[in-house]
Amino acid sequence: MKKVTLQAEGRVLEVPEGSNLMKILQKNGVAVKSPCGGKGTCKKCKVEILDNGTSRKVLACQTLVETDLEVLAASRESFTDRKSVIHNMEDIQTDLDIREITLTIPAPGLEEGSDGDRLNRAAGKPLKISPELLAEISGLIQEETRMQLVTENSRLLGAFPEPGGLYGVAVDLGTTTMVCQLADLQTGAVLGSRAASNPQGVHGADVISRIGYQMEGEEQRRELRDRVLAEMSRLIRELAEQQHVDPRRIFRVAICGNTAMEHLMIGVPAAGIARFPYSPAFRTMAPFAAAGYLPDVCPQARIHLVPNISGYVGGDTTSLILALNLDRSRSKILAVDLGTNGEVVLLVKNRLYSCSTAAGPAFEGASITFGMRAEAGAIEKFEIGDRILYHTIGDEPAVGICGSGLIDAVAQFVIFGLIDSRGRIVSREKVSEQKRFLADRIGSYQGMAALLVASRDEGAREDIWLTQKDIRELQLAKGALAAGIRILMSEAGIRPEELKKVLLAGAFGNYINPWNALALGLIPGVTPKQLSSAGNAAARGVLMILCSEKQRKRSRRIIDRTDVLELSIRRDFQETFMKSMGF
């Protein structure tokens with residue numbers, strides 16, 4: 001056995017010799033980013049270690065513990081909650097038949113029958129009671145007892161000594177980030193919201209990597225399920241504590257995610273999604289008991305998974321359509337959820353078209369050299385005037401760049417001629433005399449052409465570079481999204497100028513500069529006047545489903561009326577994609 005000391009936490013771990021350092025850190029709750037799934041290509045898992053008295057930085061995923069060592073720089077992740085920005089929360093419909101009643105249960109007697117009979121008579125109707133709940137209640141009603149019963153239709157959810165609230169949790173389970181909202185089921189009011197990184201990300205930033213990991217065996221399938229459920233449970237506990245709510249009074253949970261995320265979360269094999277004809281194991285799932293999945297909420301609570309549209313267009317898109325009322329509008333509207341999977345929905349002549357563009361993790365900063373999520377110290381805005389101007393989240397010294405900052409930086413460098421129309425960084429000699437102050441931003445990082453976004457002299461923690469590879473990563477993401485939009489509009493027979501509205505959904509859509517996004521051709525052919533932010537529409541949609549049976553039934557109708565374009569099998573996709581990569 002070897003010792004691994006976590007300096008920041010004062011913990012000492014004993015591990016078998018030859019153990020992988022990244023797996024040790026992840027198992028013990030230390031945040032180590034690994035968008036490449038531990039292949040050593042993304043370089044995001046760097047940690048500083050002290051080994052035999054020598055301090056050095058290593059890739060945790062490529063380091064085996066062969067001697068006692070000390071981890072000097074690795075800490076639990078701090079998360080900036082930006083994805084929980086949800087627009088138009090004030091009109092959430094509530095129509096659930098979840099009720100709390102005050103009853104006096106008579107004492108047992110010869111004429112009273114069973115414990116269940118006494119409960120039914122006191123309630124005035126036959127109740128459906130699970131064996132586990134009956135076992136719990138029976139011990140409490142061996143004499144005349146006054147108690148609170150919570151029912152959903154005729155099903156008994158719980159028994160409590162005192163009155164309390166009726167609560168639910170809505171979860172937007174993203175590939176990169178999850179958002180939990182605690183809501184009052186009687187009013188639809190959101191009491192609190194928490195966000196965290198999806199812990200499955202240690203096995204890759206994209207769904208295909210995670211599906212591949214799940215396919216390795218039963219242990220991997222359980223690990224992916226348990227990781228995300230544990231983090232979800234943590235957020236629910238924190239919300240309940242923050243709002244002084246008994247988590248056992250959470251009687252309903254609704255969860256939306258892309259199709260793969262919903263499969264991985266409940267441990268259902270997702271292999272069919274990764275290969276032609278991209279068939280999921282399920283599109284709809286009957287509500288199931290929370291017991292065994294979310295241990296802190298009421299065990300009889302039902303978990304409702306938002307129905308998926310297809311293998312790559314999931315419940316998060318269903319929630320988006322619901323939240324934006326695209327199934328009820330007659331306008332020509334394009335909605336784009338800017339995230340890892342880049343879902344696009346187009347409404348034309350009362351028909352819904354949708355596709356998933358596999359934009360990849362560049363928009364989340366995962367595949368970018370100095371990329372990071374929207375956390376303190378991330379450059380979120382970037383502008384070139386007489387000098388370089390940038391703003392970081394939390395006004396902290398710059399440590400990296402997040403998605404909105406990436407869009408700004410590349411767009412500004414394109415506008416000012418440091419990146420050409422093909423995405424190549426130009427030589428210093430090609431910078432015009434009027435822009436000579438920018439020529440010094442052109443350099444190299446680790447042998448690759450690069451542009452200096454922020455330097456130590458400008459207050460950054462270290463020099464932050466945008467490399468040629470980073471620009472290519474953004475081009476791939478932008479090309480996939482723009483190609484999907486072009487093909488969708490072509491299929492519907494509509495031109496960009498005919499669109500009444502273009503809605504940018506997701507946290508990323510809230511913070512990007514529309515002028516810079518359009519300068520890059522992210523959404524081809526539209527104007528800034530057509531653009532507007534829709535907030536986290538998926539999170540609003542799943543909240544609507546949480547609080548209303550009518551909305552849940554509506555979501556099922558949505559999936560049957562949405563036409564899905566599978567881009568990977570279209571002959572025109574590759575050509576459109578290549579044409580869409582340029583600036």
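Residues numbered from 1 in each chain as written. Predicted model: local features only at pLDDT ≥ 70, side-chain atom pairs only at ≥ 80, totals over all residues. Heavy atoms only, no water.

Colleague: Give me the lowdown on unusual backbone geometry, citing residues and values where you can.
Modeller: Residue P277 is reached from F276 by a cis peptide bond, and omega for that bond is 10°. Along the chain, the position of P277 falls in the loop between helix 6 (259–266) and strand 15 (288–289). Notably, K349 is not glycine yet its phi reads approximately 50°, a positive angle. When you line up the elements, K349 lands in the loop between strand 18 (343–348) and strand 19 (351–356). Even without a glycine there, the phi angle at N350 is positive, about 65°. Note on N350: relative accessible area 33%, which makes it partly exposed. (Helix = DSSP H or I, 4+ residues; strand = E, 2+ residues; numbered from the N terminus. Buried < 20%, exposed > 50% of the residue type's maximum accessible area, 1.4 Å probe, protein only.)

Colleague: Tell me about the environment of A358, and name the residues and values.
Modeller: Looking at the secondary structure, you find A358 in the loop between strand 19 and strand 20 (378–384). Sequence separation between A358 and V268 is 90 residues, and the spatial gap between their C-alpha atoms is 22 Å. Not counting chain neighbours up to four residues away, the residues in contact with A358 comprise T340, N341 and A480. (Contact = heavy atoms within 4.5 Å.)

Colleague: I'd love a proper account of the sheet that holds strand 17 (residues 333–337), names of residues and values included.
Modeller: Strand order across the open sheet formed by six strands is 27-26-17-18-19-28, with mixed pairing between neighbours. Edge positions in the open sheet fall to strand 27 (531–535) and strand 28 (562–564), since each of these has one partner strand only. Sheet twist, expressed as the average angle between the axes of neighbouring strands with direction ignored, equals 25°. As paired elements, strand 17 and strand 26 (residues 501–505) share five bridges and run parallel to each other. By the bridge assignment, L334 is partnered in strand 26 with V502. Relative to the sheet, helix 7 (residues 315–323) contacts strand 17, strand 18, strand 19, strand 26 and strand 28, its axis offset from that of strand 18 by approximately 40°. (Pairing = 2+ DSSP bridges. Axes fitted to C-alpha atoms, helices over the stretch in contact; angles between N-to-C directions.)

Colleague: Before we move on, can you summarise the packing of aromatic side chains with the specific residues and values?
Modeller: Enumeration over the complete set of coordinates arrives at seven aromatic pairs. Consider the rings of F276 and Y278, whose centres lie 5.8 Å apart with planes at 85°: the pair is edge-to-face. For Y278, a relative accessible area of 18% translates into the label buried. (Phe/Tyr/Trp six-rings, centres within 6.5 Å; stacked < 30°, edge-to-face > 60°.)

Colleague: Describe the packing of helix 10 (residues 468–492) against helix 15 (residues 573–580), listing the residues and the values that go with them.
Modeller: Axis separation between helix 10 and helix 15 bottoms out at 8 Å; the angle between their running directions is 125°. Looking at the two axes, helix 10 sits oblique to helix 15. For helix 10 against helix 15, the interelement crossing comes out right-handed. In this structure, helix 10 uses L476, K478, G479, A480, A482, A483, R486 and I487 to contact helix 15, whose residues at the interface are F573, T576, F577 and S580. (Parallel < 35°, antiparallel > 145°, perpendicular 65-115°, else oblique. Left-handed = near helix turned anticlockwise from the far one by under 90°.)

Colleague: Outline the sheet that holds strand 24 (residues 448–454), listing residues and values.
Modeller: Pairing within the open sheet is antiparallel, and its three strands lie in the order 23-24-25. Whereas interior strands pair on both sides, the edge strands pair on one side only; in this sheet they are strand 23 (442–445) and strand 25 (464–467). Strand-to-strand twist of the sheet, defined as the mean angle between neighbouring strand axes without regard to direction, takes the value 55°. For strand 24 and strand 25, the ladder comprises four bridges, and the chain directions are antiparallel. Its bridge partner being in strand 25, A450 is matched across the sheet by T467.

Colleague: Explain the packing of helix 4 (residues 207–214) against helix 5 (residues 218–242) residue by residue, including any values.
Modeller: Where helix 4 meets helix 5, the axes come as close as 7 Å, and the angle between the chain directions of the two elements is 130°. In terms of axis orientation, helix 4 runs oblique to helix 5. For the pair helix 4 and helix 5, the contacting residues are R210, Y213 and Q214 in the first and Q220, R221, E223 and L224 in the second. Of the residues contributing to the contact of helix 4 with helix 5, the split by class is two nonpolar, two polar and three charged. (Nonpolar A, V, L, I, M, F, W, Y, C, P; charged D, E, K, R; others polar.)

Colleague: Describe helix 8 (residues 403–415), naming the residues involved and giving the relevant values.
Modeller: Across its 13 residues, helix 8 extends 18 Å between first and last C-alpha, which sits within 8% of the 18 Å expected from 1.5 Å per residue. Counting buried positions along helix 8 gives twelve out of 13 residues, so the element sits mostly inside the fold. Here helix 8 has its buried residues at G403, S404, G405, L406, I407, D408, A409, V410, A411, Q412, F413 and V414. G417 sits one or two residues past helix 8 and shows a positive phi near 85°. (Expected span 1.5 Å × (residues − 1).)

Colleague: Outline the nonpolar core, supporting the account with residue identities and numerical values.
Modeller: If you look at the biggest cluster of nonpolar residues, it comprises 80 residues, and the most contacted ones within it are L173, M232, I255, M265, L320 and L326. L338, F363, F413 and W465 belong to the second-largest nonpolar core, a separate cluster that totals 72 residues. (Core = buried A, V, L, I, M, F, W, Y, C linked by side-chain atoms within 4.5 Å.)

Colleague: Talk me through the side chain of H304; I want residue IDs and the actual numbers.
Modeller: As for its position among the elements, H304 is in strand 16 (residues 302–305). You can call H304 buried: its relative accessible area is 7%. Within the structure, H304 has its side chain in polar contact with the side chain of R252 (distance 3.3 Å). Those residues within four positions of H304 in sequence are excluded, and the remaining contacts are R252, V253, A254, I255, P287, E549 and R552. (Polar contact = N/O pair within 3.5 Å; in protein donor to acceptor, adjacent residues only side chain to side chain.)

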